[in-house]
Amino acid sequence: MKFRELAETILEKVGGTDNIINVTHCMTRLRFNLKDESKADKEGIKATEGVVGVASKVGQFQVIIGADVPQVYQELIKLTGDKLAGGEVAADDDTKKDLKWTDRLIDTLVGIFTPILPALTASGMLKAVLAILVAFSLVDKTDMTYQVLNFMGDATFYFLPVLLGKSAAKKLGCNEFLGMMLGAILIHPNFVSLVQAAKDGGEAVSIFGLPIYNAAYSSTVIPIILGVWLMSKVEPFFAAHSPKSIKFFTVPLLTMLVCGIATLCVLGPIGYIIGNWLASLVNGLSAVAPWLVPTIVGGVLPFLVMTGTHHSLTPIGINNRMTIGYDAGIYPGQLASNVAQGGAALAAAVKTKDPNLKALASSTGITAVCGITEPVLFGVTLGHKTNMISSMIGGAVGGFFLGCFNVKNFSGGSPGLLTLPSYISVDAPMSNFFLACAGAAIAFVVAFVINFIIFKDEVPEESKKA
């Protein structure tokens, strides 16, 4: 089915444009916030060619497409109009009032981080390519090529507050460009210089007598999200109380004055401290039991992917890399889980005599080991409990291995074989990369062997009668 036709079919079966509050997408799913989910024809959507499955969790109705989701999304936006894209009105939607605060938090985090995943992946893989070039002595750190590729790879991470300012403002229902402006304030060169001078000279930075915490906010995550959250409350207030004749000027002016000062003096420092505290907690946990987090993530990730909440782990992994330089818990665990699920599917493909299942399991299994598991999860794993069991065991064993050796991920990307270079760093030994490869191989082999042993073809009813 062509992308336009698929978008039209999905739009009709979710209840039409009038039933959509907003829609965004991640790497494999269309994520709808619907006014009335009961109007959505779940079975009809599942039966549509080009749709892998349907999930509903934390206030989102999710249609799993696979790798073609960006093209389907673009066609959907053409049909519905840009006003439904990204979440401008989601923050005030009545359908979220009945959700638990934890569900609302997860929905918000997923909505903020999902749009910037392509930029994070691109920067991460650029850094990985650069590390490979250095490891094989193809470029030197003093070369101009190295310097250019290095700042290209660093760009997303350095300007992360600006990117998050836009996506957070979109999700929380305030002006996106004011959100970007708030992020830019946090990393403006003059502010960075003032902070550095204050650290060197001992003179505090202040505004109207209010002290500003000496912190550098480039590559940070939490401060800008807190600042935009405040903006989502302040901007509507000024919009409601400003005279219409001067509203165009007063709303952005007063919003940025209040939110800019509050973020620099209060919310930014709080977010900065929380981010460092989380990193210290992860470091402490890694020192006591480095195997724990990757083992748990490796084992339970299929259930998180099933509900579409796995992206809620993304901020933790990013915060780790931005504060301590690497992530040794979330991404290694996801690597083990994804590769294990691919291994289980490929074992089913080898053993089954069903030509349809063989074709589906082999194609989706390859996709899974490359880092995208939704097609195999909804197409194979959920329909065969042996696949789920072997995937969980393989993921947990692989995660345990990676955790025991404290394997570090330096640049993210969709966890799979294609992003193994993200375990290479110019400042880390190559053994870290080889251990990551070994952990992925262990997860694959364990899941493959277990499923090859316990997998059994389901015999159709008509075959039994015959």
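Report follows, based on the coordinates. (Residues numbered from 1 in each chain as written. Predicted model: local features only at pLDDT ≥ 70, side-chain atom pairs only at ≥ 80, totals over all residues. Heavy atoms only, no water.)

Looking at the pairing of strand 2 (residues 29–34)
Part 1: Within strand 2, six of the six residues are buried, leaving the element largely enclosed by the surrounding structure.
Part 2: Alternating positions in strand 2 separate into two faces, Arg-29, Arg-31 and Asn-33 on one and Leu-30, Phe-32 and Leu-34 on the other, with burial throughout.
Part 3: As paired strands, strand 1 (residues 20–25) and strand 2 are joined by five bridges and run antiparallel to one another. Across the sheet, residue Thr-24 finds its bridge partner in strand 2, namely Arg-31.
Part 4: Hairpin connection, strand 1 to strand 2: the antiparallel pair is bridged by three residues.
Part 5: Relative to strand 4 (residues 60–64), strand 2 runs antiparallel, the two sharing four bridges. Looking across to strand 4, one finds that Arg-31 is bridged to Gln-62. (Buried < 20%, exposed > 50% of the residue type's maximum accessible area, 1.4 Å probe, protein only. Helix = DSSP H or I, 4+ residues; strand = E, 2+ residues; numbered from the N terminus. Pairing = 2+ DSSP bridges.)

Topic: empty space enclosed by the protein
Part 1: Per the counting criterion, the structure on display carries one cavity of 30 Å³ or more.
Part 2: Of the voids in this model, the largest cavity is the one considered here, and its volume is about 330 Å³.
Part 3: What lines the largest cavity is a set of 24 residues, and nearest its centre among them are Met-27, His-310, His-311, Ser-414 and Pro-415.
Part 4: Those elements that place two or more of their residues in the lining of the largest cavity are helix 5 (117–135), helix 12 (292–307), helix 13 (314–324) and helix 14 (330–351). (1 Å grid on protein atoms, 1.4 Å probe; cavity = no way out; pocket = protein on both sides within 12 Å on 5 of 7 lines; lining within 4 Å. Points joined across faces, edges and corners; volume = space filled by probe spheres on them.)

Focus: the sheet that holds strand 1
Part 1: Read from one edge of the open sheet, four strands run 1-2-4-3, paired in antiparallel fashion. Of all strands in the sheet, those with a lone pairing partner are strand 1 and strand 3 (53–57), marking the two edges. Averaged over all neighbouring strand pairs, the angle between strand axes comes to 20 degrees, with direction disregarded.
Part 2: Two strands pair when backbone bridges link them, and strand 3 and strand 4 are joined in this way by five bridges, in the antiparallel orientation. Directly across from Val-54, in strand 4, lies its bridge partner Val-63. (Axes fitted to C-alpha atoms, helices over the stretch in contact; angles between N-to-C directions.)

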